[in-house]
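# Close look at the chain arrangement
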Amino acid sequence: MSSNIVVLSGSPRKNGSTERLVQAFITGARDAGKTVTEFRVADLQIAPCLGCGSCHRSGVCVHEDDMPQILDALRNADALLLASPVYYWNVTAQLKTAIDRFYSSLRVNPLTVKRAALILTCGNGAPDSCDPSIATYKRICRHQNWEDSGIVTAQSLHAPEMLDGRAELGSARELGQSI
Ligand SMILES: Cc1cc2nc3c(=O)[nH]c(=O)nc-3n(C[C@H](O)[C@H](O)[C@H](O)COP(=O)(O)O)c2cc1C
């Protein structure tokens, strides 16, 4: 079980559906005595990776922005929650931009994360709506050697109130407890 969890919440919408599920996850985790640090990536200045490779030599990205806050937290964490609405069949650009910047930790000063979890929301009800995002997440887990601790998806959502009474809130809370 994890004791120190970092949450990267990828929706640009404050108090939206994704954030409701994230808060349920955090409540579950804190109830179980875990430390949680949440970053709303859309509220931070995170520049896209330039692919220059400089970080693989120095361990430091050429961008001077907010990403070191996240990387420092991930160097003291044992678990990571990625949360996002589905935008054009994958995670939001804001979350993907932050994930791409993990590149700077691959060779120098690696992350301490051991396990990960995923929360997704989407508008569509088709069973394959979350598949591309889940495939990306699972491939990243394999690459980073993170154990997948669980995935919660909530579909057919166009407003946060549509989550009222739905089982996914309980599932997110349980994921926070069990990760
Ligand atoms: C720009 C944009 C793109 C979206 N693309 C998809 C999509 O590809 N598939 C889908 O099912 N829902 C899509 N949606 C709907 C959102 O995923 C859904 O409403 C989600 O629950 C919103 O989460 P939030 O309240 O946290 O912002 C899109 C919404 C926006 C604003």
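Overview of the structure.

Analysis parameters
Residues numbered from 1 in each chain as written. Predicted model: local features only at pLDDT ≥ 70, side-chain atom pairs only at ≥ 80, totals over all residues. Helix = DSSP H or I, 4+ residues; strand = E, 2+ residues; numbered from the N terminus. Rg over C-alpha atoms; globule rule 2.2 N^0.38 Å. Buried ≥ 20, exposed ≤ 12 C-beta atoms within 10 Å, placed from the backbone. Near = placed C-beta within 6 Å. Pairing = 2+ DSSP bridges. Right-handed = clockwise from strand over helix to strand, strands pointing away. Axes fitted to C-alpha atoms, helices over the stretch in contact; angles between N-to-C directions. Contact = placed C-beta atoms within 7 Å. Expected span 1.5 Å × (residues − 1).

### Things to note about the overall build of the protein
A count of helices and strands for the protein gives six helices and five strands. Reading the secondary structure of the protein in the N-to-C direction produces β-α-β-α-α-β-α-β-α-β-α. A globule of 179 residues ought to have a C-alpha radius of gyration of about 16 Å, and the protein, at 16 Å, matches this closely. Projected onto its principal axes, the C-alpha positions of the protein cover 50 × 35 × 25 Å. Counting every position in the protein, which comprises 179 residues, the buried fraction comes to 38%.

### Description of the site of the ligand
Among the 19 residues in the neighbourhood of the ligand, the closest are listed as Gly16, Thr18, Pro85, Cys122 and Asn124. In terms of residue count, helix α1 (residues 17-31) provides more of the shell around the ligand than any other element does, three residues in total.

### A word on the pairing of strand β4 (residues 115-121)
Counting buried residues in β4 gives six out of seven residues, a clear majority hidden from the surface. Direction of pairing for strand β3 (residues 79-85) relative to β4: parallel, over a ladder of seven bridges. If you follow leucine 82 over to β4, its bridge partner there is leucine 118. In the sheet, β4 pairs with strand β5 (residues 147-154) via seven bridges, with the strands oriented parallel. Looking across to β5, one finds that alanine 116 is bridged to aspartate 148. Chirality of the crossover, the property in question, places the unit of β4, helix α5 (residues 131-144) and β5 among those that are right-handed.

### Concerning the sheet that holds β4
By definition, the strands of a sheet pair up through backbone hydrogen bonds, in either a parallel or an antiparallel sense. One open sheet holds the five strands; their spatial order is β2-β1-β3-β4-β5, and the pairing between them is parallel. Two strands in the sheet have a free side with no partner beyond their single neighbour: β2 (35-40) and β5. Along the sheet, successive strands turn relative to each other by an average axial angle of 15 degrees, direction set aside. With respect to the sheet, helix α3 (residues 67-74) is in contact with β1 (4-9), β2 and β3, its orientation differing from that of β1 by roughly 150 degrees. Strand contacts of helix α6 (residues 167-178): β4 and β5, with the helix running at about 165 degrees to β5, the strand carrying the most contacts.

### Some thoughts on α6
With twelve residues, α6 extends 17 Å from end C-alpha to end C-alpha; this agrees with the ideal 16 Å at 1.5 Å per step. Considered for burial, the residues of α6 that qualify are Glu168, Ser171, Ala172, Arg173, Leu175 and Gly176. For α6, the elements touching its buried residues are α1, β4 and β5.

### Considering the pairing of β2
As judged from the six bridges shared by β1 and β2, these two strands associate in the parallel manner. In the strand pairing of β2, isoleucine 5 is matched with valine 36. For the crossover from β1 across α1 to β2, the handedness is right-handed.

### A look at the environment of proline 127
If you trace the backbone, proline 127 turns up in the loop between β4 and α5. The exposed category is assigned to proline 127, around which 9 C-beta atoms lie within 10 Å. Spatially, the C-alpha atom of proline 127 lies 32 Å from that of alanine 32, the residues being 95 residues apart in sequence.

### What to know about unusual backbone geometry
Not every positive phi belongs to a glycine, and asparagine 15 is a case in point at roughly 60 degrees. Along the chain, asparagine 15 turns up in the loop between β1 and α1. In this structure asparagine 15 comes out as exposed when scored by C-beta crowding, with 10 C-beta atoms within 10 Å. Backbone geometry at asparagine 145 places phi at a positive 65 degrees, although glycine is not the residue there. Checked against the element boundaries, asparagine 145 lands in the loop between α5 and β5.

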